[in-house]
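In case you want the letters, here they are:
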Amino acid sequence: MEKESALHTNICDLLHIKYPIIQGGMAWVAEHNLAAGVSEAGGLGIIAAGNAPADVVRNEIRKAKEKTDKPFGVNIMLLSPNASEVAQVVIEEKVPVVTTGAGNPEKYLKDWKAAGIIVIPVVASVALAKRMERSGADALVAEGCEAGGHIGELTTMALIPQIVDAVSIPVIAAGGVGDGRGLAAILMLGAKGAQVGTRFVVSHESIVHDNYKKRIISSKDIDSIVTGRSTGHPVRALRNNMTRNYLKLEQEGKSFEELELLTLGSLRKAVMEGDITEGSVMAGQIAGLVSKEQSCKEIMEEMISEAVSAIKKGWL
Ligand SMILES: Cc1cc2nc3c(=O)[nH]c(=O)nc-3n(C[C@H](O)[C@H](O)[C@H](O)COP(=O)(O)O)c2cc1C
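A quick note: this is a predicted structure, and the numbers were derived from the prediction, not measured.

Visitor: Sorry, what's going on with the packing of helix H6 (residues 126-135) against helix H7 (residues 156-166) here?
Guide: Angle between the axes and distance between the axes are the two parameters that describe a pair of packed helices. Relative orientation of the contacting elements H6 and H7 amounts to 35°, with a least axis distance of 9 Å. Once H6 is placed against H7, the crossing between them reads as right-handed. Residues Val126, Ala129 and Lys130 of H6 pack against Gln162, Ile163 and Ala166 of H7.

Visitor: Any chance you could explain the domain arrangement of the protein here in plain terms?
Guide: A common way to state how big an interface is: give the accessible area lost once the parts meet. Structurally, the protein comprises domain 1 (10-206 + 292-313) and domain 2 (220-282). Taking only C-alpha atoms, the centre of domain 1 and the centre of domain 2 are 24 Å apart. Between domain 1 and domain 2, the residue contacts involve eight residues of the former and ten residues of the latter.

Visitor: Is there a simple way to think about the environment of Asn241 in this case?
Guide: Its location among the elements puts Asn241 in helix H11 (residues 241-251). Between the C-alpha atoms of Asn241 and Glu205, which are 36 residues apart in sequence, the distance is 28 Å. In contact with Asn241, not counting residues within four places along its chain, are Thr277 and Glu278.

Visitor: Got a minute to help me understand the sheet that holds strand E10 (residues 224-227) in this structure?
Guide: By definition, the strands of a sheet pair up through backbone hydrogen bonds, in either a parallel or an antiparallel sense. If you trace the three strands from one edge of the open sheet to the other, you get E7-E11-E10, paired in antiparallel fashion. Two strands lie at the open edges of the sheet, namely strand E7 (149-150) and E10, each paired on one side alone. Relative to strand E11 (residues 235-238), E7 runs antiparallel, the two sharing two bridges. Bridge pairing links Gly149 to Arg236 in E11. Contacts between H11 and the sheet are confined to E10 and E11, with E10 contributing the most and set at about 35° to the helix.

Visitor: Would you mind showing me how to read the pairing of strand E6 (residues 140-143) here?
Guide: Going residue by residue along E6, you find Leu140 and Ala142 tucked away on one face and Val141 and Glu143 tucked away on the opposite face as well. Pairing between strand E5 (residues 118-123) and E6: two bridges, direction parallel. Bridge pairing links Val123 to Ala142 in E6. Following the backbone out of E5, through H6 and into the adjacent parallel E6, one traces a crossover that is right-handed. The pairing of E6 with strand E8 (residues 171-174) spans four bridges and is classified as parallel. Paired with Ala142 across the bridge in E8 is Ala173.

Visitor: Sorry if this is basic, but what is going on with the site of the ligand here?
Guide: Near the ligand you find 29 residues, and of these Gly24, Gly101, Gly148, Gly197 and Gly284 are the closest. When residues of the shell around the ligand are traced back to their parent elements, those giving at least two are strand E3 (72-77), strand E9 (193-196) and helix H9 (198-201). Grouping the amino acids of the shell around the ligand by side-chain chemistry returns 14 nonpolar, 13 polar and two charged.

Visitor: Help me out: how do you make sense of the sheet that holds strand E1 (residues 21-23) in this one?
Guide: The parallel open sheet is built from eight strands, whose spatial order is E1-E9-E8-E6-E5-E4-E3-E2. Pairing within the sheet leaves two strands with one partner each, and these edge strands are E1 and strand E2 (45-48). Mean inter-strand twist for the sheet, computed between neighbouring axes without regard to direction, equals 25°. As judged from the three bridges shared by E1 and E9, these two strands associate in the parallel manner. For Ile22, the partnering residue across the bridge sits in E9 and is Gln195.

Visitor: What exactly am I supposed to notice about H11 here?
Guide: Structural remark: α-helix, 3.6 residues per turn; residues separated by three or four positions point the same way. Residues of H11 that are buried: Met242, Thr243 and Tyr246. Along the axis of H11, the buried residues cluster in a sector spanning 95°; they form a single face. The exposed set on the far side of H11, more than 90 degrees from its buried face, consists of Asn241, Arg244, Lys248 and Gln251. If you follow the buried residues of H11, they end up packed against E10, E11, helix H12 (256-263) and helix H13 (266-273).

Visitor: Can you help me understand the environment of Glu252 in this one?
Guide: Locating Glu252 in the fold gives a position in the loop between H11 and H12. Along the backbone, Glu252 and Arg215 are 37 residues apart, and their C-alpha atoms lie at a distance of 29 Å.

Visitor: Could you clarify how one ought to interpret the environment of Gln251 in this entry?
Guide: Relative to the assigned elements, Gln251 resides in helix H11. Between the C-alpha atoms of Gln251 and Ala139, which are 112 residues apart in sequence, the distance is 39 Å.

Visitor: Would you explain the nonpolar core in this entry?
Guide: Grouped burial of nonpolar side chains is what soluble globular proteins tend to show. Within the largest apolar cluster, 103 residues are counted, with the highest numbers of intra-cluster contacts made by Val29, Val74, Leu140, Ala142, Val171, Ile172 and Ala173. Sorting elements by how many residues they give to this core places helix H14 (residues 296-313) first, with six residues. When residues of this core are assigned to domains, at least three map to each of domain 1 (10-206 + 292-313) and domain 2 (220-282). Sequence-distant contacts of Ala173, defined by excluding residues within four places in its chain, comprise Ala142, Thr156, Ile160, Ile186, Leu189, Ala191 and Ala194.

Procedures and definitions
Residues numbered from 1 in each chain as written. Predicted model: local features only at pLDDT ≥ 70, side-chain atom pairs only at ≥ 80, totals over all residues. Axes fitted to C-alpha atoms, helices over the stretch in contact; angles between N-to-C directions. Helix = DSSP H or I, 4+ residues; strand = E, 2+ residues; numbered from the N terminus. Left-handed = near helix turned anticlockwise from the far one by under 90°. Contact = placed C-beta atoms within 7 Å. Domains from an automatic or database assignment. Pairing = 2+ DSSP bridges. Buried ≥ 20, exposed ≤ 12 C-beta atoms within 10 Å, placed from the backbone. Right-handed = clockwise from strand over helix to strand, strands pointing away. Near = placed C-beta within 6 Å. Nonpolar A, V, L, I, M, F, W, Y, C, P; charged D, E, K, R; others polar. Arc of directions from axis to C-beta. Core = buried A, V, L, I, M, F, W, Y, C linked by C-beta atoms within 7 Å.

Right under this line is the structure:
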């Protein structure tokens, strides 16, 4: 049995991990190398299914199993046309943990629970948090709008304590956690762990194009922007030509379908081809704090030791 870390919480027990840090599911970015890297470093790595076909996700799961014997999860994007097939694949491949994004996973919950899968929906409101608890979720990721990618309305600071008070299952905070001070802060708000996205994009194990990593490293506090508010599907990414064009078309009142044409394949373009001008460079507000590329192990251990000393020292 591994020695418990100084920041051991009930999330560590639930997920059988050393540190209370999980890596956010990130379409295109979070494939088997990153997921295995984070799990090997003592957190919970997550493979993001995004819109990928079920056999691609199955392959990623098998490759992750070759790289680590530690637990990892799969993030299922519920709006994906392949969501129901991927929902089956995680059962067949005996994936221990599933997180879900972009909606309500109720219709899959019974089968996942019957298969012994730990189910952690991502929520951005108290109402959905309560509903997910009633449906049998084991824990929640509560995501504030500082986060990169698709977001809700509330900030992490306001959302976490309200969800913590509303449910009795453990809450994992996401959005704006990029170092040990952030980790200590969300623990103070009552969360039992943090989900980290943007900082892990800039890890050695992350397969994103160098241009993408450099863009995050060079970004300032105010460099991210939200597009798609008018369509009801807001997304946070770093400012570039794509976000400028998108916002212009939004102001002109263009339809959701016309706007979608602009973003079709745009995350892939930035992640895989390094087109950070016309592609979507999704990243959170905390990008301004990310100053170098490190291994998952370095990121994790640095965050834990910073959080421990922040808590010990106190801030007064
Ligand atoms: C490039 C990128 C892609 C993302 N894709 C997804 C996704 O496919 N599914 C999901 O649930 N969340 C997605 N997210 C959100 C992350 O899982 C995580 O909650 C978020 O990044 C945490 O906030 P942070 O960026 O401030 O660390 C994405 C985030 C980024 C930066």
